[in-house]
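# Inside the fold
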Amino acid sequence: EPEVTQTPSHQVTQMGQEVILRCVPISNHLYFYWYRQILGQKVEFLVSFYNNEISEKSEIFDDQFSVERPDGSNFTLKIRSTKLEDSAMYFCASSPGQVTPNTEAFFGQGTRLTVV
Amino acid sequence: AQSVTQPDIHITVSEGASLELRCNYSYGATPYLFWYVQSPGQGLQLLLKYFSGDTLVQGIKGFEAEFKRSQSSFNLRKPSVHWSDAAEYFCAVGAGRGSTLGRLYFGRGTQLTVWP
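## Some thoughts on the environment of G43 of chain B
Take G43 of chain B: it is sitting in the loop between β5 (32–38) and β6 (45–50). When its relative accessible area of 6% is taken as the criterion, G43 of chain B is described as buried. Taking C-alpha positions, G43 of chain B is 17 Å from R103 of chain B, a pair spaced 60 residues apart along the chain. In this structure G43 of chain B touches F91, G108 and Q109 of chain A together with V37 and Q38 of chain B, once residues within four positions along its chain are discounted.

Here's what the structure looks like:
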């Protein structure tokens, strides 16, 4: 069964450092997403990406964040200068182009980011 | 604005008992509705979804959910709970329009504990 894969599973970084979280979406999907879940809180949308550009972003996704699809398979989330409050589980997801009865967003296993 | 409410933070049931997890949403149009399950340290797995048509939808692991437009609800049910169902359950609404899935808005989650 196709799946979304994320690396690393856990990353520890010092405050102020840059981090890149990596994702490999399902190969024939066209929409890509990042979500995050701060411990004990709800899953929150960060950004969606389609046709090599951001299609939507939330108020959380400020100038410290950026996304990129550097090649045909990877989708990355960069946090330029991490803060303590960026500590969270980050989920990547992908979905097909058109909504059909079989459409869903497939989620990866997540990357737990700990900022110290 | 779109939102999802899961009023029960934690539910405890005995194995073999029936289960109902509540979900209410706020959305201006016909929503795309989802239930995801998250086991400790795992990603989000889709249990079931509603896009249109029959308001009672069947999912994996014996779960079902009923969409009630008049009550803005999408409650998850299972007739007989198994110990392996212990996990956190998230209701989500997709804000897509027409052919796109759009971002998902998640509820805070309901933690299910199953007593042997």
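## Observations concerning the side chain of S95 of chain A
Mapped onto the secondary structure, S95 of chain A falls in strand β9 (residues 88–95). At a separation of 2.9 Å, a polar atom in the side chain of S95 of chain A contacts the side chain of Y33 of chain A.

## Considerations on the pairing of strand β12 (residues 110–115) of chain B
All names here are of chain B. Burial along β12 is one-sided: the residues T110, L112 and V114 are buried and none of Q111, T113 and W115 is. As judged from the three bridges shared by strand β10 (residues 87–94) and β12, these two strands associate in the antiparallel manner. From the neighbouring strand, Y89 faces β12, where its bridge partner is T110.

## A word on the interface of chain A and chain B
At the junction of the two partners, chain A supplies 25 residues and chain B supplies 22 residues. Across the interface of chain A and chain B, roughly 2,000 Å² is buried in total on both sides, 55% from carbon and sulfur atoms. On inspection of chain A and its partner chain B, the count reaches one salt bridge. Residue R103 of chain B is joined to E56 of chain A by a salt bridge in which the shortest nitrogen-to-oxygen separation is 3.4 Å.

## Section: the state of the cysteines
Taken as a whole and assessed by the stated rule, the structure comprises two disulfides over all chains. Across the disulfide from C23 of chain A sits C92 of chain A; the S-S distance is 1.9 Å. Every disulfide takes its handedness from the sign of the S-S torsion; for C23 of chain A and C92 of chain A that torsion is -65 degrees, giving left-handed. Residue C23 of chain A is located in strand β3 (residues 19–24), and its partner C92 of chain A is located in strand β9; the two are separated by 69 residues in the primary sequence. Looking at C23 of chain A, the relative accessible area reads 1%, which means it is buried. Linked covalently through their sulfurs, C23 of chain B and C91 of chain B form a disulfide whose S-S length is 1.9 Å. Across the S-S bond linking C23 of chain B and C91 of chain B, the dihedral sits near -65 degrees, which makes this disulfide left-handed. With a gap of 68 residues between them, C23 of chain B in the loop between β3 (19–21) and β4 (24–26) and C91 of chain B in strand β10 connect regions that are remote in the sequence. As far as the burial class goes, C23 of chain B and C91 of chain B line up, both buried.

Cut-off values and rules
Residues numbered from 1 in each chain as written. Chains lettered and ligands numbered in written order. Predicted model: local features only at pLDDT ≥ 70, side-chain atom pairs only at ≥ 80, totals over all residues. Heavy atoms only, no water. Helix = DSSP H or I, 4+ residues; strand = E, 2+ residues; numbered from the N terminus. Buried < 20%, exposed > 50% of the residue type's maximum accessible area, 1.4 Å probe, protein only. Contact = heavy atoms within 4.5 Å. Polar contact = N/O pair within 3.5 Å; in protein donor to acceptor, adjacent residues only side chain to side chain. Pairing = 2+ DSSP bridges. Buried area = accessible area lost by both parts, 1.4 Å probe. Salt bridge = Lys/Arg side-chain N within 4 Å of Asp/Glu carboxyl O. Disulfide = S-S within 2.5 Å.

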